[in-house]
Amino acid sequence: MRITISGLPGSGTTTVAKLLAEKLGYKLISAGEVFRRLAIERGMTLEEFSRYADENPEIDLYIDRMQKELAEKEKDVVVEGRLSGWMIKDAFKVWIYADPEVRYERIAKREGIEMGRARVETKRREEIEKRRYQKYYSIDLEDLSVYHIAINSGKFKPEEIVEIILKALELAGSGVDYEKE
């Protein structure tokens, strides 16, 4: 089974995806990890790399194409990324969200930066990404209609979110409409 985990920066998608893949024994494909690795390789912050990607469409197109191709080769996989729910067909799709201040705090801690800087950089990054996704794919990230469930990571621990996803999968059984896209 393919499962996608999507959400805005700092919502906890990478953590949840790793835990879920580990629990299920599935392969993990993470667009976020690829994006962060490419930023580091170029000596850029995530915000700088996001602006760079805005001016260089091949970055997003490469990450999205690679993620989709890798996922389609796998029968059992967890795919994490902002657009995974939109890009991966035949999957159970999860959107993870949290209050912006919770997300900014997580990002500040993860990146080792001041909260104010995390807030400003994340807002800019999200605006840039929102424009890119609309421009390249006509995707509106605020449209959650492709997702089977949405979970507030500000209210649950990552391990609890994994349990919620597993329970949702169990309840959905074979009744999940994976072709809803």
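Structure: see above.
Calculation rules
- Residues numbered from 1 in each chain as written.
- Predicted model: local features only at pLDDT ≥ 70, side-chain atom pairs only at ≥ 80, totals over all residues.
- Heavy atoms only, no water.
- Helix = DSSP H or I, 4+ residues; strand = E, 2+ residues; numbered from the N terminus.
- Contact = heavy atoms within 4.5 Å.
- Core = buried A, V, L, I, M, F, W, Y, C linked by side-chain atoms within 4.5 Å.
- Buried < 20%, exposed > 50% of the residue type's maximum accessible area, 1.4 Å probe, protein only.
- Pairing = 2+ DSSP bridges.
- Expected span 1.5 Å × (residues − 1).
- Polar contact = N/O pair within 3.5 Å; in protein donor to acceptor, adjacent residues only side chain to side chain.
- 1 Å grid on protein atoms, 1.4 Å probe; cavity = no way out; pocket = protein on both sides within 12 Å on 5 of 7 lines; lining within 4 Å.
- Points joined across faces, edges and corners; volume = space filled by probe spheres on them.
- Nonpolar A, V, L, I, M, F, W, Y, C, P; charged D, E, K, R; others polar.

Peer 1: Lay out the side chain of Glu 126 in plain terms, naming residues and giving numbers.
Peer 2: Checked against the element boundaries, Glu 126 lands in helix 7 (residues 115–137). With sequence-adjacent residues up to four places away left out, Glu 126 is seen in contact with Leu 8, Pro 9 and Arg 103.

Peer 1: Which residues make up the nonpolar core, and what values do they have?
Peer 2: Nonpolar side chains in soluble globular proteins tend to be buried together. Core analysis: the biggest nonpolar cluster contains 18 residues, and Ile 3, Ile 5, Leu 20, Val 78, Val 94 and Ile 165 have the highest contact counts within it. Of all the secondary-structure elements, those providing two or more residues to this core are strand 1 (2–7), helix 1 (13–24), strand 4 (91–97) and helix 8 (158–172). Ranked by residue count, the leading element in this core is helix 8, at six residues. Ignoring anything within four residues of it in the chain, the contact list for Ile 165 reads Ile 5, Val 16, Leu 20, Val 94, Ile 149 and Ile 151. Formed by 15 residues, the second largest nonpolar core is a distinct cluster that contains Leu 83, Tyr 133, Leu 141 and Val 146.

Peer 1: An account of the pairing of strand 3 (residues 77–80) is needed here, citing residue identities and associated values.
Peer 2: The alternating pattern of strand 3 places Val 77 and Val 79 on one face and Val 78 and Glu 80 on the opposite face, and all of these are buried. Of the pairings in the sheet, the one linking strand 1 to strand 3 comprises four bridges and is parallel in character. Its bridge partner being in strand 3, Ile 3 is matched across the sheet by Val 78. Here strand 2 (residues 27–30) pairs with strand 3 via four bridges, running parallel. Within the sheet, the bridge partner assigned to Lys 27 lies in strand 3 and is Val 77.

Peer 1: Go over helix 6 (residues 100–111), please, and point to the residues and values.
Peer 2: Think of an α-helix as turning once every 3.6 residues; residues three or four places apart then point the same way. For helix 6, which comprises 12 residues, the first-to-last C-alpha distance of 16 Å matches the rise-based estimate of 16 Å (1.5 Å per residue) to within 8%. Those residues of helix 6 hidden inside the fold are in contact with helix 7. Two or three places before Glu 101, at the start of helix 6, stands the capping residue Asp 99, its side-chain oxygen 3.0 Å from that residue's backbone nitrogen. Of the residues flanking the end of helix 6, it is Gly 112, one or two places downstream, whose phi is positive at about 70°.

Peer 1: Tell me about the layout of surface pockets, and name the residues and values.
Peer 2: Approximately 620 Å³ is the volume attributed to the largest pocket. If you go around the largest pocket, you meet 38 residues; those closest to its centre are Gly 10, Thr 13, Thr 14, Arg 36 and Arg 110. Broken down by element, the residue count for the lining of the largest pocket peaks at six residues, all from helix 6. Looking at the lining of the largest pocket, its residues break down into 13 nonpolar, 11 polar and 14 charged. Roughly 200 Å³ of volume is contained in the second largest pocket. Top contributing element to the lining of the second largest pocket by residue count: helix 7, with four residues. Split by residue class, the lining of the second largest pocket holds four nonpolar, no polar and five charged.

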